[in-house]
Amino acid sequence: MLSPLGATGEDRPAPSVAARARRWFTGRMPLADYGVLCGTLHRHFRDEPDTQGRWFHVNLEVDAPDGRYRCAVDVDSKHSAIGVQWKVLTLFSSVLEPASALAPGYHDLARTSGSGAVDFQRHPALADRSGRAPAWLRALLGRLGAPHPWVSGSCLEASRALEPLLVPGRPVMVFGEPFDHGGPGMHNIHQNQGDPYGSQWWPDNGTWQDGATMTRREDGRYDVFLSKFSTQADKTGPDGHPL
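Residues numbered from 1 in each chain as written. Predicted model: local features only at pLDDT ≥ 70, side-chain atom pairs only at ≥ 80, totals over all residues. Heavy atoms only, no water.

1. Here's the deal with the overall build of the chain
Scanning the chain for helices and strands turns up three helices and 10 strands. Element order for the chain, N to C, with α for helix and β for strand: α-β-β-β-β-β-α-β-α-β-β-β-β. For the chain, long-range pairs separated by at least 24 residues make up 67% of all intrachain contacts whose partners lie at least 6 apart in sequence. Accessible surface, the chain: about 11,100 Å² in total, of which carbon and sulfur atoms supply 57%. (Helix = DSSP H or I, 4+ residues; strand = E, 2+ residues; numbered from the N terminus. Contact = heavy atoms within 4.5 Å. Areas by Shrake-Rupley, 256 points an atom, 1.4 Å probe, with all protein chains shown as cover.)

So, in structure tokens, the structure goes:
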């Protein structure tokens, strides 16, 4: 069955023919495009449930100067008994700069530290500090906030974790890959590295290109929702492939 994003029997859209050709000619492996949409949240809604009562995305409608975008945030996987994994945290806007200072609209981001791009494993405000790092480094990073381990559960539990952040009228930043079929939108709003060798998403692996949803509270801080698939590695090398 075709998903709303054109995937065939998968929870994530397969790379397009054009994207695969571009990677073959250029040797470029990660996502074809990556950036952040800055706008105002209009509303959100869940996918229609499948025959087993599951849905695979919570969809955001975001208003920007060039129109209303549809952004599909993954909350389940057809290939995982435990759905996706996620974490929710609240961050000061200063740790999200320069992305948090961008004007409304879509912005391409360089896939490097300091560009505003997101990397779940390398961004100091987003990485899981619950045990992998040495004690002295955990103590230092702890000044940014509490550790942020992943939570696993069903599509219902993941949706219930995300939806309180989705207050209509809030400024929002959505990181991921843009698309323009059927109107402007964003997808791949999840971890985009660590997919295993042999999977159709192995070529998409890359660092500093993870997707995320962030909405700004009245006090200026951002509520942040991050998600990944259970098959994706928690630790990757400089090419984004699993270690």
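2. What to know about the side chain of Thr 213
Structurally, the position occupied by Thr 213 is in strand β9 (residues 212-216). Its relative accessible area of 1% is what places Thr 213 among the buried residues. The contact partners of Thr 213, leaving out residues within four places of it in the chain, are Leu 60, Val 73, Leu 166, Val 172, Met 173, Ile 189, Asp 223, Val 224 and Phe 225. (Buried < 20%, exposed > 50% of the residue type's maximum accessible area, 1.4 Å probe, protein only.)

3. Description of the nonpolar core
If you look at the biggest cluster of nonpolar residues, it comprises 25 residues, and the most contacted ones within it are Leu 37, Leu 60, Val 62, Cys 71 and Val 174. Elements with a contribution of two residues or more to this core: β1 (35-46), β2 (57-64), β3 (67-74), β4 (84-91), α3 (155-162), β7 (171-179), β8 (185-189) and β10 (222-229). Contacts of Cys 71, omitting those with residues within four sequence positions, involve Leu 37, Val 58, Asn 59, Leu 60, Val 62, Val 174, Met 186 and Ile 189. One finds Ala 99, Leu 126, Trp 150 and Tyr 222 within the second-largest nonpolar core, a separate group that totals 22 residues. (Core = buried A, V, L, I, M, F, W, Y, C linked by side-chain atoms within 4.5 Å.)

4. A short note on the confidence of the model for the chain
Mean pLDDT over the chain: 84, with 78% of residues reaching 70 or higher. This model gives residues 1-10 a pLDDT under 50, and the stretch forms 21 contacts once residues within four places in sequence are excluded. Note on residues 17-28: pLDDT under 50 across the span, and 16 contacts to partners over four residues away in sequence or across chains. (pLDDT = per-residue confidence, 0-100.)

5. Examining the packing of aromatic side chains
Taken as a whole and assessed by the stated rule, the structure comprises two aromatic pairs. A ring pair is formed by Phe 120 and Trp 150, whose centres lie 5.7 Å apart and whose planes are at 50°; its orientation type is tilted. Of this pair, Phe 120 sits in the loop between β5 (105-108) and α2 (135-141) while Trp 150 sits in the loop between α2 and β6 (151-152); the two residues are 30 residues apart in sequence, bridging distant segments of the chain. Judged by its relative accessible area of 2%, Phe 120 falls in the buried class. Ring geometry for Tyr 197 and Trp 202: centres 5.1 Å apart, planes at 90°, overall edge-to-face. (Phe/Tyr/Trp six-rings, centres within 6.5 Å; stacked < 30°, edge-to-face > 60°.)

6. Description of the pairing of β8
By the criterion of burial, β8 is predominantly enclosed, with five of the five residues buried. In this structure, β3 lies alongside β8, joined through three bridges in parallel fashion. Bridged to Val 73 within β8 is Ile 189. With three bridges connecting them, β7 and β8 associate as antiparallel partners. (Pairing = 2+ DSSP bridges.)

7. Description of the environment of Val 73
Along the chain, the position of Val 73 falls in strand β3. Residue Val 73 is classed as buried on the basis of its relative accessible area of 0%. For the pair Val 73 and Gly 211, spaced 138 residues apart in the sequence, the C-alpha separation amounts to 8.8 Å. Not counting the four nearest positions on each side in its chain, Val 73 is found in contact with Phe 56, His 57, Val 58, Leu 60, Leu 162, Ile 189, Thr 213 and Phe 225.

8. Observations regarding α3
Inspection of α3 places Cys 155, Ala 158, Ser 159, Ala 161 and Leu 162 among the buried residues, and these make up the whole buried set. In a view along the axis of α3, the buried residues occupy a sector of 160°, so they form one face of it. Packing partners of the buried residues in α3 comprise β1, β2, β3, β4 and β10. (Arc of directions from axis to C-beta.)

9. A word on unusual backbone geometry
Residue Glu 97 is joined to Pro 98 through a cis peptide bond whose omega torsion reads 5°. Relative to the helices and strands, Pro 98 resides in the loop between β4 and β5. Even without being glycine, Asn 188 reaches a positive phi, approximately 50°. As for its position among the elements, Asn 188 is in strand β8. Exposure remark for Asn 188: the relative accessible area of 6% places this residue in the buried category. In this structure, Trp 208 is a non-glycine residue whose phi angle is positive, near 55°.

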